[in-house]
Amino acid sequence: MEKAISIQNKKSGIKVFGMSIQLFLLPLVAVLLVHFTDSLPTGIVGALGFSFVFGAVFGEIGDRLPVFKEYIGGAPVLIFLAAAFFVYQGWFTEREIEIVTHFMKKTKFLTLYIIVLMTGSIFAVNRKLLLKSLVGYIPTILVAVIGASIMGILGGFIFGISPKDIMMLYVLPTMGGGNGAGAVPLAEIYEEATGNSKEAYYSYAIAILTIANIWAIIVAAFLNKLGKKYPALSGEGELVRVGNLELEEDEKVEVTPRDMAVGFIVGLSAYMIATFLNKNVGILSGIHTYALTVLLLVAFNGFGIIPLSIKQGAGKFQKFFSKQLTWVLMVGVGIAYTDLGEIISAITPANLIIALMIVIGATVGAGVMGHLVGFYAIESSITAGLCMANRGGSGDIEVLGASKRMNLISYAQISSRLGGGLILIIASIIFKMFAKG
């Protein structure tokens, strides 16, 4: 039987995104026709079709490059870097860039992707494990910040940069939860506290953050490899070590397409309620909508109000998104969220090494503390460490893609959103301490 399957596989030849070369020529020719005539259809149809083809080509290449696949992140990383490079070189038309950017930022495909993954991943976690993970997660984030600060200051000593400047210009922007929820409000706090230009601060902060984001992706791929070599350190995508917890395994039930649809609707509903709370309840206005969505989904799971078939349906829908649409998403991330020129302009020996040291500090801090509170070191390093030291939502996707742990998106969002909020509080104190100093 195995021999027959092997012969059949050999006959089938090379496939691109599951398609034979002959069949893949259909979407490839379609995209080339609209590219060279600058007539890509607007809206979701053009954006999806274009991104599917570009992602499939570079995804297959990324999954076949031995060193790149093993140590840099493989297909997801190559796709977004290739897309960013095409934008930087001017090889995409303005129309293509505009359509894909609109799809990502205005149509909010990235938001949809994150909601689907958060819903499925939270509903898939046993309720006891979920409670244990949340109790230990915030302390793990805080130790990651301490580790990043220590290593950043050590890097500053090497290059003659004061601890004050390291904290203000390197550590806080790197660990601040990304661009919109991190670097932008940090610049506002900086100007208010010091009286100096927020524009100057932002331009430097975003450059450092971008370099750190690249390092975080590379370290994520390395951690995935490390987990394969030392299995005791890795939960293979599970954060919490079960240990002596007495857990009742959820029974497997038949999941219908309607269960998947209802699970999807529950996730969308949680996001809409979170948006309402963020906009209309003053005490919650400082908490990011994603973080509130996570808390609501945790409550839904914790109180057992969602039927098992719906939870498993949400998990099945999540697997579809993560397996079939991640390459599409990475094209959008490269086009809409990655400025290659910005990265190149910020590359200096000092910035490269200090950013790497900060990322390593966050990784080790989160790994050690995570182990102490009952997490797997690899998973806690990725979520509480690297997902604090990247560019927020898009950075989380890049890091989890490189580490092949996309199901940890909920914990990544806690890091980027709640952890990022903690950094803003810390920044308001540090900026005032160092104001005009």
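Just so we're clear, the structure is a prediction, and the values are computed from it rather than from any experiment.

Rules used throughout
- Residues numbered from 1 in each chain as written.
- Predicted model: local features only at pLDDT ≥ 70, side-chain atom pairs only at ≥ 80, totals over all residues.
- Heavy atoms only, no water.
- Helix = DSSP H or I, 4+ residues; strand = E, 2+ residues; numbered from the N terminus.
- Rg over C-alpha atoms; globule rule 2.2 N^0.38 Å.
- Buried < 20%, exposed > 50% of the residue type's maximum accessible area, 1.4 Å probe, protein only.
- Contact = heavy atoms within 4.5 Å.
- Areas by Shrake-Rupley, 256 points an atom, 1.4 Å probe, with all protein chains shown as cover.
- Lys, Arg positive; Asp, Glu negative; His and termini not counted.
- Charge placed at Lys NZ, Arg CZ, Asp CG, Glu CD.
- Core = buried A, V, L, I, M, F, W, Y, C linked by side-chain atoms within 4.5 Å.
- Phe/Tyr/Trp six-rings, centres within 6.5 Å; stacked < 30°, edge-to-face > 60°.
- pLDDT = per-residue confidence, 0-100.
- 1 Å grid on protein atoms, 1.4 Å probe; cavity = no way out; pocket = protein on both sides within 12 Å on 5 of 7 lines; lining within 4 Å.
- Points joined across faces, edges and corners; volume = space filled by probe spheres on them.
- Nonpolar A, V, L, I, M, F, W, Y, C, P; charged D, E, K, R; others polar.
- Expected span 1.5 Å × (residues − 1).
- Polar contact = N/O pair within 3.5 Å; in protein donor to acceptor, adjacent residues only side chain to side chain.
- Axes fitted to C-alpha atoms, helices over the stretch in contact; angles between N-to-C directions.
- Parallel < 35°, antiparallel > 145°, perpendicular 65-115°, else oblique.
- Salt bridge = Lys/Arg side-chain N within 4 Å of Asp/Glu carboxyl O.
- Patch = residues over 30% accessible without salt bridge, like charges linked within 9 Å, V, L, I, M, F, W, Y side chains within 5 Å.

## Thoughts on the overall build of the chain
For the chain, the count of helices and strands is 20 helices and two strands. The C-alpha radius of gyration of the chain comes to 22 Å, within 12% of the 22 Å expected for a compact globule of 437 residues. Along the first, second and third principal axes, the C-alpha atoms of the chain reach 70 × 55 × 45 Å. The burial tally for the chain puts 51% of its 437 residues in the buried class. Of all intrachain contacts in the chain linking residues separated by at least 6 positions in sequence, the fraction that spans at least 24 positions is 80%. Accessible area for the chain stands at about 19800 Å²; split by element, carbon and sulfur atoms hold 66% of it. Within the chain, one finds 32 positive and 27 negative side-chain charges whose respective centroids are separated by 4 Å.

## What to know about the nonpolar core
Membership of the largest hydrophobic core comes to 126 residues, with the highest contact counts inside it found for M104, M175, L386, I397 and F431. No other element matches the twelve residues that helix α11 (residues 198–229) contributes to this core. In contact with L386, other than residues within four places in its own chain, are A216, V219, A220, L223, V359, T363, S381 and V399.

## Some words on the packing of aromatic side chains
In this structure the tally under the stated criterion is 22 aromatic pairs. Relative to F58, the ring of F54 lies with its centre 4.7 Å away and its plane at 35°, an arrangement referred to as tilted. Here F58 and F54 lie together in helix α3 (residues 43–62), a separation of four residues that amounts to about one turn. Neither F54 nor F58 differs from the other in exposure class; each is buried. Taken together, F50, F54, F58, F85, F86, W91 and F92 form an aromatic cluster joined through their ring pairs.

## Some words on the confidence of the model for the chain
Where the model shows low pLDDT, its predicted coordinates should not be examined in detail. Mean pLDDT over the chain works out to 86, with 92% of the residues at or above the 70 mark. No element of the chain has a lower mean pLDDT than helix α1 (residues 2–12), which averages 44, and none a higher one than helix α2 (residues 21–36), which averages 96. Within the model, pLDDT remains below 50 along residues 1–11, and this stretch shows zero contacts once partners closer than five positions in the same chain are excluded.

## Things to note about empty space enclosed by the protein
Considering all chains together, one arrives at two cavities of 30 Å³ or more under this definition. In this structure, the largest cavity spans a volume of roughly 60 Å³. In terms of lining, the largest cavity is formed by F80, T210, N213, I214, Y337, T338, I343, R391, S394 and E398. In terms of residue count, α11 provides more of the lining of the largest cavity than any other element does, three residues in total. Per-class residue counts for the lining of the largest cavity are four nonpolar, four polar and two charged. In this structure, the second largest cavity spans a volume of roughly 40 Å³. I115, V116, T119, G120, G263, F264, G267, A314 and F317 together form the lining of the second largest cavity. Those elements giving two or more residues to the lining of the second largest cavity turn out to be α7 (109–123), α12 (257–280) and α14 (308–324).

## Focus: α3
For α3, built from 20 residues, the straight-helix expectation of 28 Å at 1.5 Å per residue is met to within 8% by its first-to-last C-alpha distance of 28 Å. Turning to α3, its buried residues are G46, A47, F50, S51, V53, F54, G55, A56, F58, G59, E60 and G62.

## Describing the environment of K105
With respect to the helices and strands, K105 occurs in helix α6 (residues 94–106). Distance from K105 to Y337, taken between C-alpha atoms, is 9.1 Å for residues 232 residues apart in sequence. Here K105 is in contact with A336 and Y337, once residues within four sequence places are set aside. A polar atom in the side chain of K105 sits 3.2 Å from the backbone oxygen of A336.

## Brief notes about the packing of helix α9 (residues 163–174) against helix α20 (residues 409–433)
At a minimum axis distance of 11 Å, the contact between α9 and α20 shows a crossing angle of 175°. Comparing the axis directions of α9 and α20 gives the class roughly antiparallel. Contact with α9, carried on its side by M167, M168 and L172, involves I423, I426, A427, I430 and F431 of α20 and no other residues of that element. Of the residues belonging to the contact of α9 with α20, the class tally is eight nonpolar, no polar and no charged.

## Regarding the pattern of salt bridges
By the definition in use, this model includes three salt bridges. The partner of E60 in a salt bridge is R64, and the shortest N-O contact between them spans 2.5 Å. You can call E60 buried: its relative accessible area is 15%. Overall, the relative accessible area of 48% leaves R64 in the partly exposed class.

## Looking at the side chain of S410
In this fold, S410 is placed in helix α20. Apart from residues lying up to four places away in sequence, S410 is in contact with M118, S121, I122 and V294.

## Brief notes about a nonpolar patch on the surface
Together, I14, I21, L25, V29 and L33 line one region of the surface with nonpolar side chains, adding up to about 460 Å² of accessible area. Looking at where L25 falls in the secondary structure, it is placed in helix α2.

## Things to note about unusual backbone geometry
Positive phi values are uncommon outside glycine, yet K108 reaches one of about 65°. Relative to the helices and strands, K108 resides in the loop between α6 and α7. Residues other than glycine seldom take positive phi values, yet K404 does so here, at roughly 60°.

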